[in-house]
Amino acid sequence: MLQYAQRRVHGIQDLERKLNDFGYRVGTRLLELIVWRDKNSKRETRVLGILYFIHTTVWKTLFGKQADTLEKSTENENEYMISDNDPLISKYISVPKELSELNCNSFLAGIVEAILDGAQFPSRVTAHSLPIDGFPLRTTIFIQLDKEILQREEQLK
């Protein structure tokens, strides 16, 4: 998939966008599959509910474990971060030196964005590599919810 996308783009940002698009397609189908498998599922109407669903259920379905952290930004009300210290997607991909800035977890960001959109939480989702000691592949999925979601949250209180 990476080679297919790499042949059809002209830069790292284009390649990450293409991977994000591939992930979006997978995410729409994944949400349907998870909801169909879980007979007792209910539609999440709260931001924390859907983020916790992604943090636990989606991650367990994809990787067999839940994500390492779910954090809210201290700067903006509409920003959240999901971190994975050892992401399976980038673990087995070797990136050439000329593409050292490439973050293959853009694919995962596309999956998360599709799940949020499918659950009626429109947002912008990006992937960022933030290595720390002991976890050189650590990736943070940055979620920026639309302002209308915060207004909807206020009405539900």
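- The name an unreviewed UniProt entry assigns to the protein chain is Trafficking protein particle complex subunit, from the organism Glomus cerebriforme.
- According to its UniProt record, the protein chain has this under Subunit (unreviewed entry): "Part of the multisubunit TRAPP (transport protein particle) complex."

## Here we look at the side chain of Asn103
Here is step 1: Relative to the elements of secondary structure, Asn103 occurs in the loop between helix H4 (88-91) and helix H5 (106-118).
Here is step 2: On the accessibility criterion, Asn103 (6% relative accessible area) is buried.
Here is step 3: Among the polar contacts made by the side chain of Asn103, one reaches the main-chain amide nitrogen of Asn105 at a distance of 3.0 Å.
Here is step 4: If we skip the residues at most four places from it in the chain, Asn103 touches Glu16, Ala127, His128, Ser129 and Thr139.

## Digging into the packing of aromatic side chains
Here is step 1: Applying the stated criterion across every chain yields a total of 1 aromatic pair.
Here is step 2: Taking NZ or CZ as reference, Arg152 lies 4.7 Å from the ring centre of Phe121, over its face.

## Notes on the packing of helix H2 (residues 12-37) against helix H3 (residues 47-63)
Here is step 1: Taken N-terminus to C-terminus, the directions of H2 and H3 make an angle of 95°; their axes are 11 Å apart at the nearest point. Judged by the angle between their axes, H2 and H3 are roughly perpendicular. Residue-level inspection shows Leu30, Leu31 and Ile34 of H2 in contact with H3, the latter providing Phe53, Thr57, Val58, Thr61 and Leu62.
Here is step 2: Considering only residue class, the contact of H2 with H3 consists of 6 nonpolar, 2 polar and no charged.

## Here we look at the nonpolar core
Here is step 1: If you look at the biggest cluster of nonpolar residues, it comprises 38 residues, and the most contacted ones within it are Ile54, Trp59, Leu116, Ile141 and Ile143.
Here is step 2: Within the residue set of this core, elements represented by two or more residues are H2, H3, strand S2 (79-84), H5, strand S3 (123-129) and strand S4 (139-145).
Here is step 3: The element best represented in this core is H3, accounting for 8 residues.
Here is step 4: Those residues in contact with Trp59, other than ones at most four positions away along the chain, are Ile54, Gly64, Lys65, Gln66, Ala67, Ile82, Asp84, Leu108, Val112 and Ile141.

Conventions and cut-offs
Residues numbered from 1 in each chain as written. Predicted model: local features only at pLDDT ≥ 70, side-chain atom pairs only at ≥ 80, totals over all residues. Heavy atoms only, no water. UniProt positions renumbered as here; feature names shortened; annotations may be inferred. Helix = DSSP H or I, 4+ residues; strand = E, 2+ residues; numbered from the N terminus. Buried < 20%, exposed > 50% of the residue type's maximum accessible area, 1.4 Å probe, protein only. Polar contact = N/O pair within 3.5 Å; in protein donor to acceptor, adjacent residues only side chain to side chain. Contact = heavy atoms within 4.5 Å. Phe/Tyr/Trp six-rings, centres within 6.5 Å; stacked < 30°, edge-to-face > 60°. Lys NZ or Arg CZ within 6 Å of the ring centre and 35° of its normal. Axes fitted to C-alpha atoms, helices over the stretch in contact; angles between N-to-C directions. Parallel < 35°, antiparallel > 145°, perpendicular 65-115°, else oblique. Nonpolar A, V, L, I, M, F, W, Y, C, P; charged D, E, K, R; others polar. Core = buried A, V, L, I, M, F, W, Y, C linked by side-chain atoms within 4.5 Å.

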